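Residue-level structural notes
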Amino acid sequence: MAGAELVQIYLRRLTLARSRCILARAVDNFTKRIRRTYDLAAPVYPLSSRVFHGRAHSRLLELAGDVDGCRVLEVATGSGELFHQLLAANRSGITVGVDLSPAMVVAIRQSLTGKGGRYLLQAGDARQLPFPDACFDLLVSCYLFECLADADLCRAAAELRRVIRPGGRLLLTSASQSNTGFNQLYRVLGRIIPTFWGRQVAKTMPAVLAAAGFRLAHQETVWQSGYPTDVLMAES
């Protein structure tokens, strides 16, 4: 191979490597912006959660069934409305919560002061969970994937699969794409505050979960205050 051709190959590879580094930095910067946005939203987020998401939370708990004595993980706890209910249902087990926003985690800890129960709360990234393989029986996550970059959807799903034991279950909610008017509104809101609303990914989630090794066992849509939520249950 001529020297000029080797130089061209080297330059192409160097350009590709630089492009990947730029993309990685852009994704990380977006993640930092999401963290800041939810830190700022922490004081008022419980209102949004109760108005739009409470019914979906209740349906998740119904699908979970008896979780007492289980090792339960919630990823993307938000302001903790569902985490409180999981903890109450799992008095003899351990309930763990992770959220990207440190302010959200602090708010949940304060709300649990003096209430007892075996739990652990910490700030963390769904793409790199700080837990061993196969250590949870049940994993719950609400509206997480909307705020992940396209490149991180499968990465996060694989990480969820990694920490669930064989035969364990994943309960997941996503902003539904089943209504045209809601979809249009969501796109507008996503453009205005992308670090809060993200974009809808509900239609892609069955394929994303399947690629990570999950088997979809149940899917339905729940409405509350004009907000449709897709509720999924998958098995590892």
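In short, a report on the structure. Note that the structure is predicted; figures quoted are calculated from it, not measured.

**Quick look at the nonpolar core**
Ranked by size, the top nonpolar core spans 30 residues in total, and within it Leu73, Phe131, Phe145 and Leu209 carry the most contacts. Counting only elements with at least two residues in this core, the list comes to β1 (71–75), β2 (94–99), β4 (136–142), α6 (150–163), β5 (164–175), α9 (205–211) and β7 (227–235). Broken down by element, the residue count for this core peaks at five residues, all from α6. Contacts of Leu209, omitting those with residues within four sequence positions, involve Ala157, Leu170, Leu172, Phe214, Leu232 and Ala234.

**Points about the packing of aromatic side chains**
Using the criterion set out here, one finds eleven aromatic pairs in the structure. Ring geometry for Phe83 and Tyr119: centres 6.4 Å apart, planes at 85°, overall edge-to-face. Placement of the pair is Phe83 in helix α4 (residues 81–89) and Tyr119 in strand β3 (residues 119–123), with a sequence separation of 36 residues. Under the relative-accessibility criterion, Tyr119 is labelled partly exposed at 29%. With a centroid separation of 5.5 Å and 85° between ring planes, the pair formed by Tyr186 and Trp197 is classed as edge-to-face. Taken as a pair, Tyr186 in helix α7 (residues 180–192) and Trp197 in helix α8 (residues 194–197) lie far apart in primary sequence, eleven residues in all. Looking at Tyr186, the relative accessible area reads 5%, which means it is buried.

**Focus: α7**
Between its terminal C-alpha atoms α7 stretches 19 Å, which fits the 18 Å expected from 13 residues at 1.5 Å a residue. On its buried side, α7 packs onto β5, α8 and β7. Two to three positions downstream of the cap, the backbone nitrogen of Gly181 sits 3.2 Å from a side-chain oxygen, assigning the N-cap of α7 to Asn179.

Cut-off values and rules
Positions within a chain are numbered from 1, following the residues in the order the chain's sequence is written. In keeping with the predicted nature of the model, local features appear solely for residues at pLDDT of at least 70, side-chain atom pairs appear and are counted solely at 80 or more, and the whole-chain, interface and lining totals rest on all residues. In computing side-chain values, all of the structure's heavy atoms are included and hydrogens and water are not. By nonpolar core we mean a set of buried residues, namely Ala, Val, Leu, Ile, Met, Phe, Trp, Tyr and Cys, connected to one another through side-chain atoms within 4.5 Å. Think of it in three bands: residues with accessible area under 20% of the maximum for their type are buried, residues over 50% are exposed, and the middle band is partly exposed, with areas taken using a 1.4 Å probe on protein chains only. Secondary structure elements are defined from DSSP: runs of H or I of at least 4 residues count as helices, runs of E of at least 2 residues count as strands, and each element is numbered from the N terminus. Note on contacts: a residue pair qualifies if any of its non-hydrogen atoms lie within 4.5 Å across the two residues. Two rings from Phe, Tyr or Trp (for Trp, the six-membered ring) form a pair when their centres are within 6.5 Å of each other. A pair whose planes differ by under 30 degrees is stacked, one over 60 is edge-to-face, and the rest are tilted. Any helix carries an expected span of 1.5 Å times its number of residues minus one. Any pair of N or O atoms that falls within 3.5 Å is considered a polar contact. Within protein, one atom must be able to donate a hydrogen and the other to accept it, and sequence-neighbouring residues count only if both atoms are side-chain atoms.

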